[in-house]
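Structural description and commentary
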Amino acid sequence: MDDAAPKPVRQPLIAHADGHARCFWCGTDPFYMAYHDDEWGVPERDSRALFEKLLLDGFQAGLSWITILRKRENFRRAFDGFEPEIIARYDAAKVEALMQDAGIVRNRAKVEGAVLSARGYLDLRDKGISFSDFMWDAVDGETKVNRPRRIADVPAETAESKALSKRLKAAGFKFVGPTIVYAAMQACGLVDDHLEGCHCAKA
């Protein structure tokens, strides 16, 4: 019996028509490529923007990121610009309205989790802790540059994401497991995981 044909090996970088090499995960979708170039791995210091990205990564669980990215403007509309002060006051009627909104991910646990996370955000603020400082403390305030060479070198979670996940949960946040948190850390530039050879890998 002949050996089975070897499985094709996914290459870590994609060479695009504009002359740039990019991390494999953005594919050839211009929308996704723009996100890869302009947002992913770029340090985000604004507390509200960090809160938004963390919540969106929570909604992504079990789905592809491009699905969430394409719905992001719908999420911003539905969740009042991701203003924690507003989300924290959502009542059962508002949750039900969100569950009828086809423009977002209609998962009751995640919607209710967003409300609890907003309350956790405000609790931190009431204690004099900015959400930006809370998040960035996980990497001592500076982007951790990794520069992996292979797809297999990009972790799903790290010791830092596990520690931050634990702190977020203790503060009342929901859908903040270590893998979700690490994805948010990548998205917000707490870590820079652009692959070696990617045109965004500047350090």
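In short, a report on the structure. (Residues numbered from 1 in each chain as written. Predicted model: local features only at pLDDT ≥ 70, side-chain atom pairs only at ≥ 80, totals over all residues. Heavy atoms only, no water.)

**Thoughts on unusual backbone geometry**
The condition that has to hold: In DSSP terms, a helix is any run of H or I states spanning at least four residues, a strand is any run of E spanning at least two, and both are numbered starting from the N terminus. Each residue's exposure class comes from its accessible area (1.4 Å probe, protein chains only) as a fraction of the maximum for that residue type: buried when under 20%, exposed when over 50%, partly exposed otherwise.
Despite not being glycine, Asp140 has its phi angle at roughly 55 degrees, a positive value. Within the element layout of this structure, Asp140 appears in the loop between helix H7 (131-136) and strand S3 (144-145). Its relative accessible area of 74% is what places Asp140 among the exposed residues. Despite not being glycine, Phe175 shows a phi value in the positive range, around 55 degrees. In this structure, Phe175 sits in the loop between helix H8 (159-170) and helix H9 (178-187).

**What to know about the packing of helix H2 (residues 47-60) against helix H3 (residues 65-78)**
This is how it is decided: Axes, fitted as lines to C-alpha atoms, cover a helix only where it is in contact. Angles between the N-to-C directions of the axes lie from 0 to 180 degrees. Oblique is the label for any angle not under 35 degrees, not over 145, and not in the 65 to 115 range, which are roughly parallel, roughly antiparallel and roughly perpendicular in turn. Note on convention: the crossing is left-handed when the near helix lies turned anticlockwise from the far helix by less than a right angle, right-handed when the turn is clockwise. Residue contacts are defined here by distance: any two heavy atoms, one from each residue, within 4.5 Å place the two residues in contact.
Closest axis-to-axis distance for the H2/H3 pair is 10 Å, and the angle between their directions is 125 degrees. Considering the angle they form, H2 stands oblique to H3. Here H2 runs over H3; the crossing is right-handed. Between H2, through Glu52, Leu56, Asp57, Phe59 and Gln60, and H3, the contact on the second element is made entirely by Trp65, Ile68, Arg72, Phe75 and Arg76.

**A closer look at the nonpolar core**
It is characteristic of soluble globular proteins that their nonpolar side chains tend to be buried jointly. The line we're drawing: Think of a nonpolar core as a cluster: buried Ala, Val, Leu, Ile, Met, Phe, Trp, Tyr and Cys residues, connected wherever their side-chain atoms sit within 4.5 Å.
By size, the foremost hydrophobic cluster in this structure holds 53 residues, and its most contacted members are Phe75, Phe79, Phe131, Leu168 and Phe173. The set of elements that each furnish at least two residues to this core consists of helix H1 (30-38), H2, H3, helix H5 (92-99), helix H6 (108-126), H7, H8 and H9. Looking at which element gives the most residues to this core, the answer is H6, with seven residues. Apart from residues lying up to four places away in sequence, Phe173 is in contact with Phe51, Leu54, Ser117, Gly120, Tyr121, Leu124, Phe131 and Leu168. Core analysis: the second largest hydrophobic core is formed by five residues, Cys23, Leu195, Cys198 and Cys200 among them.

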